[in-house]
2 protein chains.
Amino acid sequence: MNDGSSNTAKPPPADCGGHNGSFSIVSWNVNSVKSRLAHLSDYLTRFSPDVVFLQEIKTETESFPYPEIESLGWTATVKGQKSYNGVAVLTKKKPVLVADALDIDDGGQARYLETELDGRRFICVYVPNGEPPASDPSSKERLIYKEKWLDALNGRIRKLVADGVDFVLGGDFNVIEFDSDVYDPAAFKGSAFTVQEIRSRFKALYFNGLTDALREKSPRSPLYTYWDYRFSAWEKNHGIFLDRLFLSPYFADRLTAADVDAGFRALEKASDHAPVRCVFDLSSAPEDVNE
Amino acid sequence: MNDGSSNTAKPPPADCGGHNGSFSIVSWNVNSVKSRLAHLSDYLTRFSPDVVFLQEIKTETESFPYPEIESLGWTATVKGQKSYNGVAVLTKKKPVLVADALDIDDGGQARYLETELDGRRFICVYVPNGEPPASDPSSKERLIYKEKWLDALNGRIRKLVADGVDFVLGGDFNVIEFDSDVYDPAAFKGSAFTVQEIRSRFKALYFNGLTDALREKSPRSPLYTYWDYRFSAWEKNHGIFLDRLFLSPYFADRLTAADVDAGFRALEKASDHAPVRCVFDLSSAPEDVNE
DNA sequence: GTCACAAACG
DNA sequence: CGTTTGTGAC
């Protein structure tokens with residue numbers, strides 16, 4: 001069984017929220033921001049993250065619960081869509097909206113949001129799932145879309161790196177990088193989460209010099225961020241590592257901690273994803289700079 | 001505006017629940033017993049009624065929430081149906097199921113439940129609405145069904161009275177007896193709630209010597225038990241008196257109180273009907289017996 | 001299993 | 001407005 005005790009949500013350390021140079025960023029696939037408003041408000045109040053990436057808000061931009069989020073002290077930059085997908089970036093100061101889509105012809109699916117604040121980019125992504133619909137299990141259409149989407153993301157990231165931009169790229173990547181990232185690798189063999197066409201495009205992100213914050217710092221093993229609602233997946237700890245925080249070198253050098261707040265998956269009416277968080281010390285030059 | 005303050009739910013008097021001969025019966029159209037389980041549990045715990053008539057439980061007999069009701073100390077006798085209608089009688093001791101339908105050919109709509117306990121009958125009814133469907137506003141089919149149903153009910157009641165059976169007949173009668181029983185009589189003129197064919201059949205119940213407990217004892221004026229979910233009907237007190245408790249002479253002679261618990265209509269996620277209650281003193285012979 | 005949505009009903 | 005049912009998604 002899984003009670004999430006090793007990662008149950010707890011009060012923030014005193015240096016959270018930007019004091020003393022501490023800076024924290026969270027990514028959370030909330031599976032409907034309206035249904036998750038109580039949990040999200042609770043998270044914001046307790047951890048006071050500086051930047052929050054939300055995926056699957058499942059509402060249109062105009063219907064985002066701005067009043068509730070703003071009353072807690074955050075401003076929301078939103079790319080919404082009816083029923084499906086939808087991403088948002090919450091920040092304490094109003095950012096510049098750099099882009100609300102990748103350069104891809106996908107009928108305007110709300111999966112990408114790039115914001116800039118104090119010269120840094122905060123990029124929220126919801127990578128396509130890629131599995132065929134139940135009505136047409138042999139269709140490759142969604143897989144091809146996922147491949148194209150990851151190609152476009154790699155193109156964008158390559159450009160930011162080339163331009164020397166400091167950024168954090170977080171979200172639900174819908175990729176199982178290693179067999180050890182899923183409770184039952186055999187069950188996902190050949191799926192859009194594991195096939196070579198997808199894994200290779202995912203790994204290309206690293207070639208741009210990015211660091212996976214959770215892989216770097218989280219003590220959790222196995223490192224899961226998603227547990228299906230069905231089949232008692234949470235109780236059996238049948239999870240998958242899907243949610244990621246990728247750091248450009250500037251942020252990677254200043255990373256102090258990263259973890260999965262699995263306690264939020266244990267709550268009543270939880271999202272099927274837990275929030276993932278990374279913490280930075282932005283107050284001083286990193287240790288290795290002086291070596 | 002309507003805050004229900006004159007009838008807000010309050011703790012029961014010390015003699016509730018069968019102590020000292022006090023005996024109480026409630027009728028409540030819950031509009032889905034599953035959706036109303038919290039309110040119903042609250043009601044049962046606070047008022048401890050001896051008999052409860054539920055209408056519009058909107059679930060099949062097997063899907064009734066027996067565990068929750070039984071854990072509170074009641075046994076449920078249920079005539080359920082998928083999606084629509086459905087009636088139940090809750091009692092503290094297991095009753096005999098006398099009938100779960102009237103003698104009428106209606107495709108088995110779950111609208112009638114007659115139980116016997118300690119030689120008394122407790123009869124729960126959900127009278128057909130009778131209004132035509134929106135798709136065919138001139139259809140008389142449902143009105144005719146309502147007429148037939150009330151005829152069958154009258155036949156049944158006549159027989160019980162003739163047999164000298166003591167009983168309480170409670171439920172949602174879907175009849176506006178007098179123009180003063182509705183906030184806007186003009187709006188219901190010619191409707192299946194008020195037309196002569198229905199009112200005359202409804203009034204025939206009285207000819208069997210029954211007493212309307214609420215009309216007899218409730219201080220409420222106007223006496224409403226239903227407020228539409230739409231058009232802010234509750235806030236404007238645009239109500240209708242639809243839910244009734246009819247008493248055979250034995251019960252009428254021992255009636256001590258009857259009222260509408262409108263406070264339950266004021267709650268969040270309320271049913272559109274309030275529970276109606278009558279209280280008896282069954283410990284001694286009634287006053288007028290010795291006169 | 002938990003979402004969102006669209007009908008139908010009252 | 002607030003139920004139920006059905007569909008589709010993940």
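Everything here concerns the structure above.
Residues numbered from 1 in each chain as written. Chains lettered and ligands numbered in written order. Predicted model: local features only at pLDDT ≥ 70, side-chain atom pairs only at ≥ 80, totals over all residues. Heavy atoms only, no water.

## Some remarks on helix α1 (residues 37–47) of chain A
All names here are of chain A. Of all the positions in α1, only L37, H39, L40, S41, Y43, L44 and F47 are classed as buried. Buried residues in α1 make contact with β1 (22–29), β2 (51–55), α2 (66–71), β4 (87–91), α7 (263–266) and β14 (276–281). Following α1 by one or two positions, S48 adopts a phi angle in the positive range, close to 45 degrees. (Buried < 20%, exposed > 50% of the residue type's maximum accessible area, 1.4 Å probe, protein only. Helix = DSSP H or I, 4+ residues; strand = E, 2+ residues; numbered from the N terminus. Contact = heavy atoms within 4.5 Å.)

## Some thoughts on the protein's contact with DNA strand D
If you check the shell around DNA strand D, you find 14 residues, and the closest are A:N129, A:R142, B:S32, B:S83 and B:Y229. Protein-proximal atoms of DNA strand D, defined as those within 4 Å of the protein, fall in sugar or phosphate at a share of 83%. Interatomic distance of 3.4 Å between a side-chain N/O atom of A:N129 and a sugar or linking oxygen of DNA strand D. A distance of 3.3 Å separates a phosphate oxygen of DNA strand D from a polar side-chain atom of B:R36. Split by residue class, the surface near DNA strand D holds three nonpolar, four polar and seven charged. (Near = heavy atom within 4 Å. Polar contact = N/O pair within 3.5 Å; in protein donor to acceptor, adjacent residues only side chain to side chain. Nonpolar A, V, L, I, M, F, W, Y, C, P; charged D, E, K, R; others polar.)

## So, the state of the cysteines
Disulfides are covalent bonds that connect the sulfur atoms of two cysteines. Within the structure shown, the criterion is met by zero disulfides over all chains. Here B:C124 stays unpaired: no disulfide links it, and the sulfur of B:C278, its closest cysteine neighbor, is 13 Å away. (Disulfide = S-S within 2.5 Å.)

## What to know about the sheet that holds β2(A)
Residue and element names in this part refer to chain A. Read from one edge to the other, the open sheet built from six strands follows the order β3-β4-β2-β1-β14-β13, with strand pairing classed as mixed. Where the open sheet ends on each side, the last strands, each with one partner, are β3 (75–79) and β13 (255–260). Strand-to-strand twist in this sheet, taken as the mean axis angle between neighbours without regard to direction, amounts to 15 degrees. Pairing between β1 and β14: six bridges, direction antiparallel. By the bridge assignment for β14, I25 is matched with C278. (Pairing = 2+ DSSP bridges. Axes fitted to C-alpha atoms, helices over the stretch in contact; angles between N-to-C directions.)

## Regarding unusual backbone geometry
A cis amide bond, omega -5 degrees, links A:S221 with the succeeding residue A:P222. With respect to the element layout, A:P222 can be found in the loop between α5 (213–217) and β10 (226–227). A positive phi angle, near 55 degrees, is found at B:E56, a position not held by glycine. Along the chain, B:E56 falls in the loop between β2 (51–55) and α2 (66–71).

## Some remarks on the packing of helix α3 (residues 141–162) of chain B against helix α4 (residues 196–207) of chain B
Residues and elements named next belong to chain B. As a packed pair, α3 and α4 sit with axes 9 Å apart at the nearest point and diverge in direction by 15 degrees. By the criterion of interaxial angle, the relationship of α3 to α4 is roughly parallel. Here α3 and α4 pass one another in a crossing that is left-handed. In this structure, α3 contributes L143, K146, E147, L150, D151, L153, N154 and I157 to the contact, and α4 contributes E197, I198, R201, A204 and L205. Considering only residue class, the contact of α3 with α4 consists of seven nonpolar, one polar and five charged. (Parallel < 35°, antiparallel > 145°, perpendicular 65-115°, else oblique. Left-handed = near helix turned anticlockwise from the far one by under 90°.)

## Details of the pattern of salt bridges
All names here are of chain A. Per the counting criterion, the structure on display carries 35 salt bridges over all chains. The salt bridge partner of K93 is D118, with a shortest N-O separation of 3.0 Å. Taken together, the residues span a long stretch of sequence, with K93 in the loop between β4 and β5 (96–99) and D118 in the loop between β6 (112–117) and β7 (120–126) at a distance of 25 residues. Exposure remark for D118: the relative accessible area of 54% places this residue in the exposed category. Across the pair R277 and D261 runs a salt bridge whose closest N-O atoms are separated by 3.5 Å. Of this pair, R277 sits in strand β14 while D261 sits in the loop between β13 and α7; the two residues are 16 residues apart in sequence, bridging distant segments of the chain. (Salt bridge = Lys/Arg side-chain N within 4 Å of Asp/Glu carboxyl O.)

## Points about the environment of A:Y206
Residues and elements named next belong to chain A. Checked against the element boundaries, Y206 lands in helix α4 (residues 196–207). Overall, the relative accessible area of 24% leaves Y206 in the partly exposed class. The contact partners of Y206, leaving out residues within four places of it in the chain, are E177, D212, R244 and F246. A polar contact of 3.1 Å, which involves the side chain of Y206, links it to the side chain of E177.

## Thoughts on α4(A)
Residue and element names in this part refer to chain A. Taking 1.5 Å of rise per residue, the twelve residues of α4 would be expected to cover 16 Å, and the 16 Å separating its terminal C-alpha atoms lies within 8% of that figure. For α4, the set of buried residues is I198, R199, F202, A204 and L205. As for α4, its buried residues are in contact with α3 (141–162), β8 (167–172) and β12 (243–247). In the stretch just after α4, G209 is the one whose phi turns positive, near 90 degrees. (Expected span 1.5 Å × (residues − 1).)

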